[in-house]
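# Notes for the structure review
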Amino acid sequence: MSTSAMPDPSPDRIDLLQGTLDMLILRTLLFGPAHGHQISRHIRQTTKDVLQVEHGSLYPALHRLERKAWISARWETAKDRNRQFKYYRLTPAGKKQLSAEESNWKRLAQAIASVMWPAPGEES
Amino acid sequence: MRRRKREDELERELRDHLELEAEERREAGASAEDARLAALRAFGNVALTKESVRAAWGWTLLEQCAADARDALRALSKQRKFAAAAALTLALGIGASTTIFSVARGVLLHAVDAPRPEELFYVFCSDLPTHPRGFCSPQEARWVRRESKSFSALALTIPVSALVNGGGDPFNADGALVSGEYFEAVGVQPELGRFIAREDDVAGGEPVVVLSHHLWTLRFGSDPGVAGRPIEMNGKRFRVLGVAGPRFGSLSYRGVRTDYWVPAATSDDPTPFVLFGRLRHGVTVAAANWELGALEKRATRELPETSGTSYEVAPATELALGQTPKQLRALAFAVGVLLLIACINVSGLLSTRVTGRRGEISLRLILGASRIRLGCLVFFEALMLSLMGAAGGAAIAFASLKATVALGSSNLPGIDRVRLDGWALLFALAVAVMAAFLGSVVPAAIAWRNGSASNLNWARRGSTHSGLGQAGAVFVALQFAAGLILLTGSAILLNNFIRLVRMPLGFDPDRLLVMEVSIPYGSPPRDSGFRDEILRRLRLLRGVQGAAIAEPGITEAGLHIDIRPPGRSEKEFPRRYAPMTGISPGFFQTMHIPVLEGRDFTVSDARLPVPPIIIDEGAARLFWPNRSAVGMDLMMPAKAGLRPSRIVGVVRTAPIYGVHYGRMRPQIYTTLDPEPGLMQFLVRTVGEHAPTAAKLRQVVREVEPRQPVDSVATLQQRISDQVIPDRFYVYLSLSFSIIAMVVACAGLHGLLHYVVASRKHEIGIRIAVGATAGNLVALLSGFGLRAALAGMAMGLAGSYAATRLLGSLLYAIKPDDAPTFAAAALIFTAVALLTCIAPLRAMLRVDPAACLRCE
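These remarks concern the structure in this document. (Residues numbered from 1 in each chain as written. Chains lettered and ligands numbered in written order. Predicted model: local features only at pLDDT ≥ 70, side-chain atom pairs only at ≥ 80, totals over all residues. Heavy atoms only, no water.)

## What about the overall build of chain A?
- The helix and strand tally for chain A stands at four helices and three strands.
- Along chain A, helices (α) and strands (β) appear in the sequence α-β-α-α-β-β-α when read from the amino end.
- The buried share of chain A, taken over its 124 residues, is 34%.
- Across chain A, every contact between residues at least 6 apart in sequence was considered, and the portion connecting residues at least 24 apart equals 53%.
- A total accessible area of about 8,000 Å² is found for chain A, and carbon and sulfur atoms account for 54% of it. (Helix = DSSP H or I, 4+ residues; strand = E, 2+ residues; numbered from the N terminus. Buried < 20%, exposed > 50% of the residue type's maximum accessible area, 1.4 Å probe, protein only. Contact = heavy atoms within 4.5 Å. Areas by Shrake-Rupley, 256 points an atom, 1.4 Å probe, with all protein chains shown as cover.)

Now the structure itself:
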């Protein structure tokens, strides 16, 4: 039995930036309804294990988004097995929110990039 | 419930996640147990996650309130003494106001037993502005009934009385002549049989009568077979039509019970009437007044014999209640002030707490509590206190209602029906919520102002910050002002009462029996011989020192007449109504009223064509200030207008018609009316063998077996019965004001204690550097005492205005009686000073060494 404190340590793991989790969840749900486990697996797999969603923040985030009516939840039977899971799906408001956050994020990323890697000639 | 479901779903959601995770790991090759543990590890702290999710759910308003309430309770349970003081204060205020609410509601609601009693009105005709509520002549009453369109039913009615035979001994009963519309206007159903209808009210119709519930139970043993049975009234046979409900009798405009009703048209005598009716639905009083005003003008043209009459519309409920609403208003004002003091007190106590918790409040603000939330917290503390107060108040109201009902039962109509019902409890609850709101405004404001980050360091140190100091001083001042207003008001009432009771009567009320005998108007006429015979036999009884007759009698409001010396103009002697009492010779001797000048009546005086009169010294001084009144004339009413009557004597002033009239009016004594009506036999007894009430009754029975005796009582008893209402209001207002004073002083006490506790440091240092006790007292007085004195100055000014409310309840004192004001202020000051002793001692006991060590 492993006594390691950090489960599944991933050497390249990066902590999520504050506020980005909501965006990632909304983006994940753009593909269609998913339950909590699927969302976290999707984020992990698409970032090749770089982004590890803390479950301690995933579920509060899901409930918060639901409260803000950006996503809605319903208990539905899974396609591949004979039981119900709580599926989240994007609402129209959530879609709008996603595009807003996306453009914010783009501007932020560009701004950070322009500080970190200034275009040649701009450096004095 | 919803929360429970959400919890279940969360539980299931997280379990699903863990299972899926474990499944994934099993598929990757781990053993079942390892996979489960790894999944758990990967997930992290499940309980913490749940907690975060719950936070994400947010709080519903209700949950927030519950949490605030829990917080408030927890905070208060740490300060039991504080909580108990505040809750008790509120309990007193809420208890008192709930009591008055119940009494007012019960009395006003039950006073008149009819649907929508506010639509019922009397219409009076008066030909003199100084003589309101006069009667209308039969022609005029019928004319108004026919012409007025404002009423859905308008009836003629007039109070009468009759000697009733049937159901035991003969007795006198008060009743009313009513026209056929009367019961239709009232709109209630009879308890038995039927009421008088329009077809019963025809001239020459069969004499019928409706009995009151009271009469029916008292005289007919609640016999259900009474309807249809004949009874004899004033020697005439009447058939009983029906019986009215238990509360019907209180509709009389004179505030007396009516025990029977007879159709007006079947009465043989032409009597005047007043009108009684129900306003048409939607017609306002103003509209009715306007219509009657127009009718007045027409009446002058169309009814020449009754020109110049003005019609007066008066609400029936108001007339049935008399002075009661006024008295209730004064009491409501008193409890309002008391409640206000309690609110201020709670406000002060909460402010102290808020100031003491400045550190905690700052911390809450820093940690993100909104100001609204902070206000909620203060409000909920106040609400918890006031709810406890409401519970206590309900208990107090329950107890005090019993006492109130017992005290006031004889003079408040409907008070026997007053209960602590659901409405009263709802009222108590509403008052509690309002009190909590009022009480938390200032503390919340203080919390907002003080609760900034810069104040965090105050938490640990006692401070001289005056945040509470000023608010506290204002609170104390307001409480003292309000408390003093109440105390002054009730001191005035008390003083009025004492003077009333102690008023030199001018006659000797001891060992005097009063027997009332009356011969109802309309009953077979009796000559005065039987009256003289009773008096003669009474004088012969053993143990009787003297006996006399008075009509209508003493402690009864006599007939008020308009008096003036002959030949004097109205300009010189404005209209003045003097009570007139008919007396037999020997009256002054029996009553121990000294004859100052002239002589008493003799037996022959009554037989003169123009009998002489005797006046009291008040009247003598009024009309003839510089000379003797004996031998002068006064204009007295006679069958045809006024005629001069010779004054044969002047006697010492004595308020024989009741203490409430005091010495305000000149008094006229006349000889007895040759036709006996209402009369009192006054019997002065002496020695051990004084006759009993039964003995007096027996004398009457021997002379005239069919003559009922209305009552026999000692004069002392009659006098003390008269002041029952006064005593009732004195008790109530005095207890309110004592409570108010205690509460106000508790407020001062709390503030001073707070000042001492929060300035312990400063006091310690002052003592260390040599401050004397005098210096310290001066320091403390700067806080509480000055405020208290300022409050009392305001209170005196306020009392001056507020006691005016009492004006109509006072008989023996002016509302701004200076000595009473001074006494109230002195008592209040003394109690306030006593209150200061404990905080002062606490201050003087401050140990400078201990204080400095704490630094």
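So much for the structure itself; the text now carries on.
## Description of the overall build of chain B
- The secondary structure content of chain B amounts to 26 helices and 21 strands.
- Considering chain B as a whole, with its 855 residues, one finds that 50% of them fall into the buried category.
- Across chain B, contacts joining residues at least 24 apart in sequence account for 81% of those joining residues at least 6 apart.
- Split by element, the accessible area of chain B, about 38,800 Å² in all, is 59% carbon and sulfur.

## Here we look at the interface of chain A and chain B
- Contact with chain A, which involves 25 residues of that partner, is made by 23 residues of chain B.
- Of the roughly 2,300 Å² buried between chain A and chain B on both sides combined, carbon and sulfur atoms contribute 51%.
- Seen at the junction of chain A and chain B, the total is five salt bridges.
- One salt bridge connects Glu13 of chain B with Lys86 of chain A, and the closest N-O pair in it is separated by 3.7 Å. (Buried area = accessible area lost by both parts, 1.4 Å probe. Salt bridge = Lys/Arg side-chain N within 4 Å of Asp/Glu carboxyl O.)

## Points about a nonpolar patch on the surface
Residues and elements named next belong to chain A.
- Nonpolar side chains collect at one region of the surface, where Trp105, Leu108, Ile112, Val115, Met116 and Trp117 lie side by side and expose about 680 Å² of accessible area between them.
- Along the chain, the position of Ile112 falls in helix α4 (residues 92-116).
- Judged by relative accessible area, which is 43%, Ile112 ranks as partly exposed. (Patch = residues over 30% accessible without salt bridge, like charges linked within 9 Å, V, L, I, M, F, W, Y side chains within 5 Å.)

## Remarks on the sheet that holds strand β1 (residues 34-35) of chain A
- Strand order in the open sheet formed by three strands is β1-β3-β2 (chain A), and the pairing between neighbours is antiparallel. Of all the strands in the sheet, just β1 and β2 (71-77) of chain A have a single pairing partner and so form its edges.
- Looking at chain direction, β1 of chain A and strand β3 (residues 84-90) of chain A are connected through two bridges and run antiparallel. Pairing of His35 of chain A across the sheet is with Tyr87 of chain A, part of β3 of chain A.
- Strands in contact with helix α1 (residues 2-27) of chain B are β1, β2 and β3 of chain A; relative to β3 of chain A, the strand with the most contacts, it is inclined by about 100°. (Pairing = 2+ DSSP bridges. Axes fitted to C-alpha atoms, helices over the stretch in contact; angles between N-to-C directions.)

## A word on the side chain of Thr91 of chain A
- Structurally, Thr91 of chain A is set in the loop between β3 and α4.
- Leaving out residues up to four positions away in the same chain, Thr91 of chain A has contacts with Ala69, Trp70, Ile71 and Ser72 of chain A.

## A few points about the state of the cysteines
Residue and element names in this part refer to chain B.
- Tallying each qualifying case throughout the model produces one disulfide over all chains.
- Across a sulfur-sulfur distance of 2.0 Å, Cys125 and Cys136 are joined as a disulfide pair. With the S-S bond torsion at 95°, the cross-link from Cys125 to Cys136 turns out right-handed. Here Cys125, found in strand β1 (residues 120-126), pairs with Cys136, found in the loop between β1 and α6 (138-147); they are eleven residues apart in sequence, far enough to count as distant. Taken as a pair, Cys125 and Cys136 share a single burial class, namely buried.
- This cysteine, Cys745, is not joined by any disulfide, and Cys836 carries the nearest cysteine sulfur, 8.2 Å off.
- Of the residues examined, Cys745 reaches a relative accessible area of 5% and is grouped as buried. (Disulfide = S-S within 2.5 Å.)

## A closer look at the packing of aromatic side chains
Residue and element names in this part refer to chain B.
- Enumeration according to the criterion identifies 14 aromatic pairs over all chains in this entry.
- Judged by centre distance (5.8 Å) and plane angle (75°), the rings of Phe379 and Phe380 are edge-to-face.
- Classification of Phe380 as buried rests on a relative accessible area of 10%.
- Judged by centre distance (6.0 Å) and plane angle (45°), the ring pair of Phe587 and Tyr669 falls under tilted. Residue Phe587 is located in helix α17 (residues 587-591), and its partner Tyr669 is located in strand β19 (residues 668-671); the two are separated by 82 residues in the primary sequence. Each of the two residues, Phe587 as well as Tyr669, counts as buried. (Phe/Tyr/Trp six-rings, centres within 6.5 Å; stacked < 30°, edge-to-face > 60°.)

## As for the packing of helix α11 (residues 324-356) of chain B against helix α21 (residues 724-758) of chain B
Residues and elements named next belong to chain B.
- For the pair α11 and α21, interaxial distance at closest approach is 10 Å and the crossing angle is 15°. Classed by the angle they form, the pair α11 and α21 counts as roughly parallel. When the axes of α11 and α21 are compared, the crossing they make is left-handed. Along the contact surface, α11 presents Gln327, Leu331, Ala334, Val335, Leu338, Ile341, Ala342, Asn345, Thr352 and Thr355, while α21 presents Tyr729, Leu732, Ser733, Phe736, Ile739, Ala740, Val743, Ala744, Ala746, Gly747 and Tyr754.
- Along the lines of polarity and charge, the residues of the contact of α11 with α21 split into 15 nonpolar, six polar and no charged. (Parallel < 35°, antiparallel > 145°, perpendicular 65-115°, else oblique. Left-handed = near helix turned anticlockwise from the far one by under 90°. Nonpolar A, V, L, I, M, F, W, Y, C, P; charged D, E, K, R; others polar.)

## Brief notes about the nonpolar core
- Ranked by internal contacts, the top residues of the largest apolar core, which has 41 residues, are Val209, Leu211, Val226, Ile231, Met233, Tyr260 and Tyr311 of chain B.
- Of the residues forming this core, the biggest block, six residues, is contributed by strand β2 (residues 151-165) of chain B.
- When neighbours within four sequence positions are excluded, Met233 of chain B is seen to be in contact with Ala162, Leu163, Val164, Val209, Phe238, Tyr260 and Val262 of chain B.
- Membership of the second largest hydrophobic core comes to 29 residues, among which are Leu29, Val53 and Trp70 of chain A together with Phe43 of chain B. (Core = buried A, V, L, I, M, F, W, Y, C linked by side-chain atoms within 4.5 Å.)

## Some points on the packing of helix α2 (residues 36-46) of chain A against α1 of chain B
- At a minimum axis distance of 8 Å, the contact between α2 of chain A and α1 of chain B shows a crossing angle of 50°. Comparing their axes, α1 of chain B and α2 of chain A come out oblique. On the side of α2 of chain A, the interface is formed by Gly36, His37, Ser40, Arg41 and Arg44 of chain A, while α1 of chain B contributes His17, Leu20, Glu21 and Glu24 of chain B.

## A word on the pattern of salt bridges
Residue and element names in this part refer to chain B.
- In total, this model carries 34 salt bridges over all chains according to the counting rule given.
- A salt bridge links Asp200 to Arg194, with the nearest nitrogen and oxygen atoms 2.8 Å apart.
- For Arg194, a relative accessible area of 35% gives the class partly exposed.

## Let's talk about unusual backbone geometry
Residues and elements named next belong to chain B.
- Not every positive phi belongs to a glycine, and Arg116 is a case in point at roughly 45°.
- Mapped onto the fold, Arg116 is located in the loop between α5 (80-110) and β1.
- One non-glycine residue, His592, lies in the positive phi region at around 60°.
- Structurally, the position occupied by His592 is in the loop between α17 and β15 (595-598).
- Residue classification places His592 among the partly exposed positions, given a relative accessible area of 38%.

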